[in-house]
Amino acid sequence: MSSQVTAIMRDFDAGLAPYAAHSAQSRGRTHAEPGPGSRSEYQRDRDRIIHSTAFRRLEYKTQVFINHEGDLFRTRLTHSIEVAQIGRTLARSLRLNEDLVEATALAHDLGHTPFGHVGQDVLNECMKDFGGFEHNLQSLRVVDHLEEHYGAFDGLNLTFETREGILKHCSLNNARQLGELGQRFIERSQPSLEAQLTNLADEIAYNNHDIDDGLRSGLLTMAQMEEVELFVRLHREVEARYPGLPGRRALYETIRLMITAMTADLVETSARLIAEAAPSTIDDVRAALPLIRFSDAMRAETVALKRFLYANLYRHFQVNRTRVKASRIVRELFEAFLTDPVLLPGDYQVQDDPHRQARKIADYIAGMTDRYAIREHRRIFSLEHF
Ligand code: MG
């Protein structure tokens with residue numbers, strides 16, 4: 001039996017490129033634990049993430065549209081699942097570690113505040129005298145400290161490689177306080193190819209699903225899409241292949257082709273860059289330039305698409321209205337809690353340490369779902385609800 005288990009364990013890294021992140025060579029976890037048995041180290045990370053409280057909250061956190069605006073829009077949860085799916089496909093094509101990509105993708109937005117990016121911007125302003133607020137760092141804080149699932153440690157005690165992938169960006173100031181994990185921001189070295197890849201899978205996922213959600217909501221129109229060259233080109237291809245195909249099907253077909261074009265370009269370009277750099281190990285990857293990339297042509301198309309979405313969807317006046325209202329909710333909650341910490345649940349109250357108190361308030365607010373933040377604001381400020 002035990003030799004059979006050992007045989008299975010050896011298989012986890014079989015077929016991976018030599019420069020991939022190998023489960024058997026992980027830099028390990030902060031708190032030593034027995035081996036993961038029938039799973040690889042990264043499969044264990046993935047399972048811990050899926051069972052976390054923060055993961056379940058993603059269902060009620062905004063991607064672009066607030067959760068109650070419609071049943072079919074992406075949430076942080078479905079977004080994270082799409083990132084994992086695209087990421088795994090890319091990883092398999094490049095012989096990288098699918099399990100690590102999946103774990104990183106499912107965890108990458110765990111630290112997101114309610115109401116999407118505006119929540120993070122407002123919390124960052126509120127926290128300016130207390131060390132600021134970065135959602136990437138907050139995702140790491142969730143898995144390192146805030147989850148309460150284990151007897152022996154706070155957080156989920158994930159592997160170095162998953163934590164490295166979660167921390168996409170980080171200010172130098174914060175990097176200096178993160179020890180080994182912050183080192184790459186100081187040295188300007190690269191993370192694993194799996195981390196680089198998950199970052200771009202995130203971009204492929206939101207650039208495409210935001211077109212779908214934007215059109216579904218009516219905030220974007222097909223006429224406006226004429227501005228996006230990549231979309232126009234592939235939409236014409238769909239029309240030629242299926243003349244007269246009804247709008248929504250033609251749209252899905254077009255988005256499918258867009259995802260295929262982006263992933264194919266990414267795999268082809270990255271495979272070429274990897275072949276040129278010829279890394280033998282993950283350490284060579286860390287010392288090289290970024291090797292997971294789009295071609296210059298595809299990069300220009302994705303930049304144009306992002307600009308289009310920014311101007312026409314993320315800054316649409318209806319989205320602005322929600323954003324301004326959401327920013328007021330987050331700011332007013334923060335200020336109320338900072339002025340009167342007695343309003344906070346007992347375990348979020350800190351005596352005589354304003355910095356720790358402010359951080360606890362940021363943790364409390366960041367952990368809220370959209371609807372919880374709306375309700376909490378009503379509970380605290382509404383004179384009609386006691
Ligand atoms: Mg994301």
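Reading the values: rules and limits
- Along each chain, residues carry numbers from 1 onward, in the same order as the chain's sequence is written.
- Per-residue local features are limited, in this predicted model, to residues with pLDDT of at least 70; the limit for side-chain atom pairs, both in listing and counting, is 80 or more; totals at the level of whole chains, interfaces and linings are taken over all residues.
- Here the side-chain values reflect all heavy atoms present in the structure, with hydrogen atoms and water set aside.
- Every helix listed is a DSSP run of H or I at least four residues long, and every strand listed is a run of E at least two residues long, numbered separately from the N terminus.
- Take the number of residues in a helix, subtract one, and multiply by 1.5 Å to get its expected span.
- The cut-offs for exposure are 20% and 50% of the maximum accessible area for each residue type, with area from a 1.4 Å probe on protein chains only; residues under the lower value are buried, those over the upper are exposed, and the others partly exposed.
- Note on contacts: a residue pair qualifies if any of its non-hydrogen atoms lie within 4.5 Å across the two residues.
- For this document, the term salt bridge refers to a Lys or Arg side-chain nitrogen within 4 Å of an Asp or Glu carboxyl oxygen.
- Simply put, an axis is a line fit to the C-alpha atoms, just over the touching stretch for a helix, and the angle between two N-to-C directions goes from 0 to 180 degrees.
- In these notes the angle categories are as follows: under 35 degrees is roughly parallel, over 145 is roughly antiparallel, 65 to 115 is roughly perpendicular, and the rest is oblique.
- Definitions for this section: a left-handed crossing has its near helix turned counterclockwise from the far helix by less than a right angle. A right-handed crossing has that turn clockwise.
- Any residue outside Ala, Val, Leu, Ile, Met, Phe, Trp, Tyr, Cys, Pro, Asp, Glu, Lys and Arg is labelled polar, Gly included; the first ten of those are nonpolar and the last four are charged.
- Because no water is among the atoms considered, metal sites can look incomplete, with donors defined as N, O and S atoms within 2.8 Å of the metal, or 3.2 Å for Na, K and Ca.

1. Some details on helix α7 (residues 135-146)
For step 1, the next point in the chain: If you check α7, its first and last C-alpha atoms are just 14 Å apart, much less than what twelve residues at 1.5 Å a residue would give, namely 16 Å.
For step 2, the next point in the chain: Of all the twelve residues making up α7, nine are buried; the element is thus mostly covered by neighbouring parts of the structure.
For step 3, the next point in the chain: Along α7, the positions that sit buried rather than exposed are His135, Asn136, Leu137, Gln138, Ser139, Leu140, Val142, Val143 and Asp144.
For step 4, the next point in the chain: Those residues of α7 that are buried lie in contact with α3 (53-57), α5 (98-107), α6 (116-126), α8 (160-166), α9 (172-175) and α18 (354-366).

2. Some points on the pattern of salt bridges
Close approach of charged atoms allows side chains of opposite charge to pair.
For step 1, the next point in the chain: Scanning the entire structure with this criterion turns up 29 salt bridges.
For step 2, the next point in the chain: Put simply, Arg92 and Glu98 hold a salt bridge, and the shortest N to O gap is 2.9 Å.
For step 3, the next point in the chain: Judged by relative accessible area, Glu98 falls into the buried class, the value being 18%.
For step 4, the next point in the chain: Across the pair Arg379 and Glu376 runs a salt bridge, and its minimum N-O distance is 2.7 Å. With Arg379 and Glu376 both in helix α19 (residues 370-381) and three residues apart, the pair spans about one turn of that helix.
For step 5, the next point in the chain: Owing to a relative accessible area of 7%, Glu376 belongs among the buried residues under this scheme.
For step 6, the next point in the chain: Each of Arg39, Arg46, Asp47, Arg88, Arg92, Glu98 and Glu102 takes part in one network of salt bridges that share partners.

3. Details of the packing of helix α17 (residues 317-339) against α19
For step 1, the next point in the chain: The contact between α17 and α19 brings their axes to 10 Å, and the two run at 50 degrees. By the angle class used here, α17 and α19 are oblique. As for the relative orientation of α17 and α19, their crossing is left-handed in sense. Contacts between α17 and α19 pair Ile329, Glu332, Leu333, Ala336 and Phe337 from the former with Ala373, Ile374, Glu376, His377, Ile380 and Phe381 from the latter.
For step 2, the next point in the chain: Of the residues assigned to the contact of α17 with α19, the class counts are eight nonpolar, one polar and two charged.

4. Brief notes about the coordination of the magnesium ion
For step 1, the next point in the chain: For the magnesium ion, the full set of protein donor atoms is His79 (NE2), His108 (NE2), Asp109 (OD) and Asp202 (OD), and the range of their distances to it is 2.1 to 2.8 Å.
For step 2, the next point in the chain: Written as a sequence motif, the donor arrangement for the magnesium ion is H-x28-H-D-x92-D. Taken as a pair, Asp109 in the loop between α5 and α6 and Asp202 in helix α11 (residues 193-217) lie far apart in primary sequence, 93 residues in all.
For step 3, the next point in the chain: Residue class for Asp109 comes out buried when judged on its relative accessible area of 3%.

Remember that the coordinates give geometry; whether it matters functionally is a separate question.
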